[in-house]
Amino acid sequence: MSSVTVESGSNIAFIKYWGARDLERVVPFNASLSMTLDTCRSICSLEFREGETTADEVWLAASDGSLRRADEAFSGRVLRQLDRLRDHFGKSGRMVMATRNTFPSSAGIASSASGFSALTVAATSALGADCSGAELSRLAMLSGSGSASRSVFGGYVEWSDRDEGQAGAEPLRDESWWTLHDLIVVVDTEPKEVSSRDGHRRATSSPYFEQRLRDVRGRRMRAALRAVEERDFAALGPVIEEEAIDMHLIAMSSSPPIFYWKPATLAVLDAVRRARGDGLAGWSTLDAGANVHVLCEPQTSDALASRLEAVDGVVEVIRDRTGGPPVVRQGAELLERGGL
Ligand code: DP6
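A brief report on the enclosed structure follows. Every value quoted in this text rests on a predicted model; they were computed, and no experiment measured them.

Thresholds, definitions, all that
- Residues numbered from 1 in each chain as written.
- Predicted model: local features only at pLDDT ≥ 70, side-chain atom pairs only at ≥ 80, totals over all residues.
- Heavy atoms only, no water.
- Core = buried A, V, L, I, M, F, W, Y, C linked by side-chain atoms within 4.5 Å.
- Buried < 20%, exposed > 50% of the residue type's maximum accessible area, 1.4 Å probe, protein only.
- Contact = heavy atoms within 4.5 Å.
- Pairing = 2+ DSSP bridges.
- Helix = DSSP H or I, 4+ residues; strand = E, 2+ residues; numbered from the N terminus.
- Axes fitted to C-alpha atoms, helices over the stretch in contact; angles between N-to-C directions.
- Salt bridge = Lys/Arg side-chain N within 4 Å of Asp/Glu carboxyl O.
- Near = heavy atom within 4 Å.
- Polar contact = N/O pair within 3.5 Å; in protein donor to acceptor, adjacent residues only side chain to side chain.
- Areas by Shrake-Rupley, 256 points an atom, 1.4 Å probe, with all protein chains shown as cover.
- Nonpolar A, V, L, I, M, F, W, Y, C, P; charged D, E, K, R; others polar.
- Parallel < 35°, antiparallel > 145°, perpendicular 65-115°, else oblique.
- Left-handed = near helix turned anticlockwise from the far one by under 90°.

### Quick word on the nonpolar core
Then, number 1: Counting 40 residues, the largest nonpolar core has F14, W18, M35, Y156, W178, L180 and L236 as its most contacted members.
Then, number 2: Sequence-distant contacts of W178, that is, excluding residues within four places in its chain, are made with Y156, A227, V228, R231, D232, F233, L236 and T322.
Then, number 3: Residues V26, V78, A123 and L139 belong to the second largest nonpolar core, which totals 35 residues.

### Some details on the sheet that holds strand β13 (residues 316–321)
Two strands in a sheet stick together by hydrogen bonds in their backbones, pointing the same way (parallel) or opposite ways (antiparallel).
Then, number 1: If you trace the four strands from one edge of the open sheet to the other, you get β11-β12-β10-β13, paired in antiparallel fashion. Only two strands of the sheet have a single partner each, and these edge strands are β11 (282–285) and β13. Sheet twist, expressed as the average angle between the axes of neighbouring strands with direction ignored, equals 25°.
Then, number 2: When strand β10 (residues 181–186) meets β13, the two strands line up antiparallel, connected through six bridges.

### Considering the pattern of salt bridges
Then, number 1: Applying the stated criterion across every chain, the model contains 30 salt bridges.
Then, number 2: One salt bridge connects R49 with E47, and the closest N-O pair in it is separated by 2.2 Å.
Then, number 3: E242 serves as the salt-bridge partner of R220, at 2.7 Å between the closest nitrogen and oxygen. Residue R220 is located in helix α7 (residues 219–229), and its partner E242 is located in helix α8 (residues 233–252); the two are separated by 22 residues in the primary sequence.

### What about the site of the ligand?
Then, number 1: Near the ligand there are 15 residues, and of these Y17, S112, S147, R150 and H200 occur at the shortest range.
Then, number 2: In this structure, H200 approaches the ligand through a side-chain N or O atom, which is 2.9 Å from an oxygen atom.
Then, number 3: Considered on its own, the ligand offers 450 Å² of accessible surface; in the complex 92% of this is hidden by protein.
Then, number 4: Among the residues making up the shell around the ligand, the classes are represented as five nonpolar, seven polar and three charged.

### Topic: the side chain of E243
Then, number 1: When you line up the elements, E243 lands in helix α8.
Then, number 2: Taking relative accessible area as the criterion, E243 reaches 0% and is therefore assigned buried.
Then, number 3: Not counting chain neighbours up to four residues away, the residues in contact with E243 comprise F14, I15, K16, R212, V216 and R220.

### Notes on helix α6 (residues 209–217)
Then, number 1: Those residues of α6 that fall on the buried side of the exposure criterion are F209, R212, L213, D215 and V216.
Then, number 2: Looking at the buried residues of α6, the elements they touch are β1 (2–15), α7 and α8.

### Remarks on the packing of helix α2 (residues 112–126) against helix α3 (residues 133–141)
Then, number 1: The geometry of α2 relative to α3 is characterised by a closest axis approach of 9 Å and an angle of 120° between their N-to-C directions. In terms of orientation, α2 lies oblique with respect to α3. Viewed along their axes, α2 and α3 form a crossing whose handedness is right-handed. Counting all contacts with α2, which are made through F116, T120, V121 and T124, the residues of α3 involved are L136, L139 and A140.
Then, number 2: Class assignment for the residues of the contact of α2 with α3 results in five nonpolar, two polar and no charged.

Structure (structure tokens):
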């Protein structure tokens, strides 16, 4: 029997994956660029019992250590990924896994990137496979959560469009290169009504999608890469805000349209713009949801967070920052704590 626990940070995309040529094989239309997060993580404990044939088990761990069975939709995705990994490495045996997020699951922050990264790294390690980062990234991507391919690395990560994105993600610079803060402004705690998967599927129906691809594959990605390479926040900020608004413009003009924003989303975008006018440099980006990630430099973070907490409709501000790669420990702590 082999048991491990893995912690993996979520990530926030500066250049977004939005739209897939082939959703089943997770082939994106364009390259994406992200920063791995530190505070918002998924923890996954996994036990592999070689040769055992009883069914796998998927548990959700609460912060008090108790375990409950995951619902069918979630366990279905996990079980499919476990099957894929066992097949890939030619192993047979039973897996028991438990997972939890360090951030409130009600906060509406995408947890599938960190969750499937942690699961993939944990299962690979429990299976005794020695994988390169590139292979882990490709395997994480096959979970269906393309953004998970980026969370297997720390710092700044590009999921390039080499081999149409099938090559997986690559680390550009590790977390020590540049510390940025990400103030995650929570305005909506409900799960999003339209999944990213549906968003990817509908993206090409927007009349503006071709224009987006020209920008995002060309000048916008070049500008973002250069800004990370030169640690130039004044150059990076406008690019990430333009990119997020462009992605949401595609969502809003898709058929049928997708509106992720809530009134408080606009209030936060406005507050960030006004703060800039007062010398507090923060720039906004959004995933497929209503919550706003405000990127800033460490020295601006406290003052900006206080301002954002005061905006009407803001539930909380989670203070995150550039994070490292997944951490692997021996022992299935979540399972042991839960009494399994
Ligand atoms: C808007 O297909 O990776 O976050 O499985 O929900 O994590 P999940 O979505 P995925 O699409 C990510 C969409 C995005 C942009 C991005 O992270 O690149």
